[in-house]
Structures are given as structure tokens and as C-alpha cells.
Amino acid sequence: MKKLPSLCLIAFLHFTSLLLISVQSARPPFACDPSNELTKSFPFCKRSLPISERVKDLVSRLTLDEKVLQLVDTAPAIPRLGIPAYEWWSEALHGVAFLPHVATRQGIHFNGTITAATNFPQVILTAATFDPLLWYRIGQVAGKEARAIYNAGQATGLTFWSPNINIFRDPRWGRGQETAGEDPLVSGKYAVSFVRGLQGDSYEGGALGEHLQASACCKHFTAYDLDHWKDMHRFIFNAKVTKQDMADTFQPPFQSCVQEGKASGIMCAYNQVNGIPNCADYNLLSKTARGEWGFQGYITSDCDAVAVMHENQMYAKTPEDAAADVLKAGMDMDCGYYLKYYTKSAVEKKKVKEFDVDRALHNLFTMRMRLGLFNGDPVKLPYGNIGADQVCSQKHQAIALEAARDGIVLLKNSDQLPLSKSNIKSLAVIGPNADNATILLGNYAGPPCQAITPLQGLQNYIKNTKYHKGCNTVACSSAELDEAVKVAEAADQVVLVMGLDQEQEREERDRIDLLLPGKQQELITSVTKAAKKPVVLLLLCGGPVDVSFAKTNEKIGSILWAGYPGQYGGTALAEIIFGDHNPGGRLPMTWYPQQFTQVPMTDMRMRANSSSGYPGRTYRFYQGKKVFEFGYGLSYSNYSYEIVSVTPDKINLRSSTKDEKSNHKPVSNLGADLCEKSTLSVVVRVKNQGVMTGKHPVLLFMRPAKGEYGTPMKKLVGFQSIKLKSGETAEIEYKLNPCEHLSRADEDGLMVMYEGLQYLLVGDKESPIYVIV
């Protein structure tokens, strides 16, 4: 969220006016103090009234000058009404975060009695657990720790711009690490689970009411998955997306986030979609999100997205036009300064009505009231008893370790792992990612409670451990091959810790290729040749890398992918390598070969086109070679599957015998009642045939009996994670709504049910099901 050059002066003046962030009072900021004679009689302070009436009263008391100042992320105080300042911008992507480059604009600060927060694995690794309950618990921790920080007087905001639920469409995308991967169902379920946890809802949903523990914001709406690739950057990118791809790839996670998760915020993205900036798209923000999906929260721009419309995209002729366009589209708040400086003149020039300003303010103040910030002393309110002792608690940190353990994916194992703790007398740990705690955290991270690097984790098992960095940096422009080889030759066992870091992939930086950077591959090859035994290769990276050379190298006995595993990443990796934990993570994204980089990142098409040689994207449509497949992951145990029953195995979606026979019908024509009544039950029996207890994600796919253009080769329709002891068997049930799980998008963007045979797949087992429409 980098400031644009034309706004630097404004930002500088804002920052210098605030000077340095001082240690805040132990009393959290709030409005409607009962002891305040000035405000206690105002209707907006009466908790007995509905929030809608309270907000209406509050907005009616504001002047136009006061109103426009509230339309930006740094909302100033309104002293005459006893309303404190509010900072809308806070992050909690994988734990409560802190961004040093926007320190004065964040709602959360670590400058008092609380100096750290629990840091979980970066989202892409957490997604590899395929465990919605774990995702919910992580959201819970983030929400509780956020509220504890507020109660300690170190917060001026409780609105968190998380989660990122964009689809990881292209393996080069620098922010793919922030997402739950490439599958819309996984991304949607991640959004629902995390949002419910953070906002204070139950795991099943429906227990929240109007009061929020913290506010979640699903971003970036929509079809945003390019930051800066070659000469194209997100500010000017016009994503050309078909209605079909929009319907079954880009929009479903956001619909789930709104309708099931009940997210209280949405962030509209920088880019244009088919020529219209997301933040100025009435059909997207008002008609779809608010109208069709029933969204009732606030909508913020990504930072400076309003300015970008005028200064970069040239979509708005004047700054006033940009301000008017987003307000009329249904956006409520500008992370930036355009609405602050140009809304009043836009109203005066009749480009936008004050009514649109009031609508935006209604949504913004409703959110602050739902957070309890207008209800008097927060200590006496719900969530007021969440204290500083809950931040970095042992319980919370245990969940961080659990997430790292369960997410790490075993990609290769030639019967090498787990290593024997007793047989290894000396260990060599080599690589630029082995002993850097910062690399563990990924981006959008706060100060962790503590951090254990891979080197430290391995040293806890083998005291006689020698370390060599191998490369000057992760970019590895130079490698100390001779020295690294000497360290490897002297050890009983070698562990290589390689991969990427935030200089290779992050916000505003997409990759050009999919190879390990610099001389990393040369280092791996040299060390591997010198080692006495096959080496263990650990990869720390958010996006996939082409390690085909390592897959086929017999001297590389095993490969582990650990994403950016968070504060306890080193502990989790060591436990897996030495057999104290059985790995069970499965890849939430396809790993493509280097040749995929011939496909322009700007090509948004999901579906393959054989006539043009376009290979398609993600496991549902990609027809090229793969390094590793979506859902791939090994274990120290073998698991067998049996599809016990599919009930019914024939689904009749004709509402009456008089229906005109057709081979397809839009889901919207079938009706929700018929779809719900046609729910099918799939029971799968799973057995752990190994000698170790293991937690195992069981993925259920659907594939059509015959492929037609635009039809996914297969798609995920359900997933559950189950823990089984050695030799244990259990049955799990999937409930599938055919209109949701067995439909597909047509070229007009309608979800359609087609008559015919389909197959349900789990592992190497499949079962037929027939649909009648």
C-alpha cells in the first residue's frame, strides 16, 4: 500500500503533524462517556435505541466540513460531540500485525505494555492444513488479541483489513502467499472460518448479533492478482475477465465471505475489471455486494485507489470526478486523501449529492457502534474483560505451532524421513533461510512472541550441528560453494534450507521466473554431491518453485515445503524431520514448471484454449505439465479410502413432470428449496495403514463423465481433516448441495445444472452420480 509520488507532500504533512507515536493512555478511546454532561443526552449515545437511529442522529449533527474528514482512514476527533479520533487501518492477516511504513496511520500499536502478538504461519501454509476449524481458531486468537490491545489503551481502531481471499491465479504473484490458494471453495471456507473467529461469531455462525469483537474486511474485491510484473503494475492494470470466470473463480470467495461469514468490511481493489475501476463499479459494490448478497458493512478503497483513478488510470477527469464516482458506486471510505480534499468541492459542483456522503457515513459509524465504541467505558461492555495476559498466551502460541506442524507439506520422501535422533552424531545445516527469524514471518506480520528458526529447531535435536549460510543472501548472487561443501562432507547428515524471501515475492513485487534465485540450485547440487547420505531439502517460500531437478536427484532424499511457517516454524520442521510429528499438509496450489512463465501474467483466462496453445490455470483447467499437483502431499503413514455410500446416487431436480425436458437449467430457476431438499450424503471410510498417528485432510472432488469446453477437469466439492491412530478407521460424511457443488458456470456467467453422469472422487476411488434436470 505504497503512497503515490503526487501524494507524498500531503502524507508528509500528515505524518509530521502527528510527530512520533507516543505511549498511549491505558484508557482506550471511546465516545458517549456517561460522565460527559455534553453528550450523554444525545440520542446517538442512548444504547436503548437501535443503532440505525443512533447513527442517523449522529450524522445529522455534522457539518459538511466535518463529514468529509470522516471519509478517510485517519478520521479525526469531533470534540464538540465527544467523539475521539479513529484509525480504520489495521492488519491481522496471520496474527495482529504492524506495518512500520504507515506507523502513524494504524489503529494498533505495540508501544505500550504489549509489545508482541502471536504470529501464525503465512496464510498459504495454513491453507495447506485444509482444516476450517483451525482457521476459525486462528481468527479467534487474532480477534481476542486485538481486543486485548485495545483494552490496554494501545489501539485507536478495531477494523482489520484481513483476510486476503483473492484466488492465487498465477504462481508468480508476490501476494499469493497471503491467500488460501487457487481453489474458490477453499478460499471461501477460509474466509468464512477466519471472519467468524475474528469477529466473535461461533464456528457454525449465527451467534454474533450486532456486537463485534473486531471487524474483518475481505479483500481485494475483485479479480486482483497482479502487483508489479515486468512493466505492468496494479494501478493501471485492466483485468479482462469473462463472465464465466468471474462467476466460478473470482466472485465465489467474496460471496461466501459476505453471506456465510457475515464480514463487516470489504476492500475494493486498485485494478480495473473490463475497463471499470473496482472502487467505481456500481454493479460490483452496490448491485452485487449489497443488493444480491445482502452485504451490510462498510466498503473501503485500497490505499490511494481513488487517487489512482485520476492520476494513473485517467478514468476520472478530475479529482472531484474520482471522489464522486466512488461515492455514487457505493464505496464508503478512502484509504488515502482524495475524499478528504475533494468531496466538498464535488458536492458544491453537483457531481455528487450530500446524500451519498451521508450514506457512507451511516455505514462507517454503524461499524464503530457495532464495535461498542459509542457505548461508554469499554471495560464494562462485552469483550471488556479480555486482558493483556491473553496476548501471546501459551494457549495461543500452541495453536501457532499446531498450524505450522499441520500445514508443512512433504513433497518427496525416498524412505529417508524421519531421521533417527540416535544414529546421527553430526548435522550440517546449510542455506540462506536456515537462521533468519524474519523470513519465517512472511509479509503483513507483527512482532512475534518469539521466533524459532530451522537451525535452532534442529539444534534442539542434534547438539553437534554446524551451520553455513551458503549464499550471501537469499537472492544468492554469490555462493561460497567450497566452504559449504567442506561443512557437508564432515557431517553425518545434511539439511539444506533454501527458497525465497520478501525480496523475491511480496506486495508490489511479482516474480519473473519460477526457479530458485541466483546460485541456489548450484549450491544444492554441489552440496548434494559431497554429502555422505541423501540430503533433506527444506523450501521456505510462499509461491511455488520449479524444483524438478530435486525431484529426480537420488541424492536428495526428501523435500519439505514450509511456506513462511510463522514464529514456531523451526520447531515444527525439526519435529517432522525427526519423527515427533507426522506431516499431513497438502498443497493448496499447483506447482508449475518454469516453462509456464511463457504465459503472460496479464492473461486472466482460467480455461485452456487448445487452438491457441493457452494451457489454462489452476488444477481445474490447466492442461500442461506440473511439478506438483494441487492437493498433493505425502505422510509417514499410508491412508486408504472407500466410498461407503452416495445417497441418493440419482438426483432429480425437475420440479414437476410437466417441466419441459432440457439438458440444462440455470440454478436460479430451480429454487433454493428444491436444491436444499436434494442434498446428498457422501460417506467415506478412511484408514491409517501406517505405524504413526497422523492428521490427514481428505479431499472430495467431482469430475464430469465427459469433458466439454469450459468444464473443469475436476473440482473440489468438499474437504475434512481427520486424526487417526495407527491402524484406526473412521467414517466421515460430506453433505453436498447439488446446485452449489455439482453446477458449473456457462459463458453468460450463470450457474447451471447439466443433466448427465458425474463422478465423485476421493484418492483413487470414485463413485457415479446422475443428475436429472
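Residues numbered from 1 in each chain as written. Predicted model: local features only at pLDDT ≥ 70, side-chain atom pairs only at ≥ 80, totals over all residues. Heavy atoms only, no water.

### What to know about helix α7 (residues 243-250)
Stage number 1. Burial of α7 is extensive: six of the eight residues sit out of reach of the surface.
Stage number 2. Considering only its buried residues, α7 is in contact with α6 (184-199), α8 (252-259), β9 (272-273), α20 (618-621) and β25 (744-745). (Buried < 20%, exposed > 50% of the residue type's maximum accessible area, 1.4 Å probe, protein only. Helix = DSSP H or I, 4+ residues; strand = E, 2+ residues; numbered from the N terminus. Contact = heavy atoms within 4.5 Å.)

### Quick word on the environment of Gly569
Stage number 1. Here Gly569 shows up in helix α19 (residues 569-577).
Stage number 2. Accessibility expressed as a relative area gives 0% for Gly569, which makes it buried.
Stage number 3. Sequence separation between Gly569 and Ala191 is 378 residues; the distance between their C-alpha atoms is 23 Å.

### What to know about the packing of helix α16 (residues 481-489) against helix α17 (residues 520-530)
When two helices pack together, their arrangement is given by the angle between the helix axes and by the axis-to-axis distance.
Stage number 1. The N-to-C vectors of α16 and α17 enclose an angle of 35°; their axes lie 8 Å apart at closest approach. The interaxial crossing formed by α16 with α17 has right-handed handedness. Between α16 and α17, the residues in contact are Leu481, Ala484, Val485, Ala488 and Glu489 and Glu522, Leu523, Ser526, Val527 and Ala530, respectively.
Stage number 2. The residue makeup of the contact of α16 with α17, split by class, is seven nonpolar, one polar and two charged. (Axes fitted to C-alpha atoms, helices over the stretch in contact; angles between N-to-C directions. Left-handed = near helix turned anticlockwise from the far one by under 90°. Nonpolar A, V, L, I, M, F, W, Y, C, P; charged D, E, K, R; others polar.)

### Some thoughts on the state of the cysteines
Stage number 1. For the structure shown, the criterion picks out seven disulfides.
Stage number 2. The side chain of Cys303 participates in a disulfide bridge whose partner is Cys335; the two sulfur atoms lie 2.0 Å from each other. The sign of the 75° torsion about the S-S bond sets the Cys303-Cys335 disulfide as right-handed. Separated by 32 residues along the polypeptide, Cys303 in the loop between β11 (298-301) and α10 (305-311) and Cys335 in the loop between α11 (319-329) and α12 (338-348) bring together distant segments of the chain. (Disulfide = S-S within 2.5 Å.)

### As for the packing of aromatic side chains
Stage number 1. This structure, assessed with the given rule, holds 29 aromatic pairs.
Stage number 2. Where Phe596 meets Tyr622, the ring centres are 5.7 Å apart and the plane angle is 80°; that geometry is what we call edge-to-face. With Phe596 in the loop between α19 and α20 and Tyr622 in the loop between α20 and β18 (639-647), the pair connects residues that are 26 residues apart, well separated along the chain.
Stage number 3. Seen in terms of ring centroids, Phe628 and Tyr632 are 5.4 Å apart; in terms of plane orientation they differ by 25°. Their pairing is stacked.
Stage number 4. Owing to a relative accessible area of 4%, Phe628 belongs among the buried residues under this scheme.
Stage number 5. An aromatic cluster of three or more residues is present, and its members are Phe130, Trp135, Tyr190, Phe194, Tyr619, Phe630, Phe701 and Phe719.
Stage number 6. One residue, Lys219, lies across the ring of Tyr444, its end atom 4.9 Å from the ring centre.
Stage number 7. When the ring centre of Tyr754 is taken as origin, the NZ or CZ atom of Arg744, which lies over that ring, is 3.8 Å away. (Phe/Tyr/Trp six-rings, centres within 6.5 Å; stacked < 30°, edge-to-face > 60°. Lys NZ or Arg CZ within 6 Å of the ring centre and 35° of its normal.)

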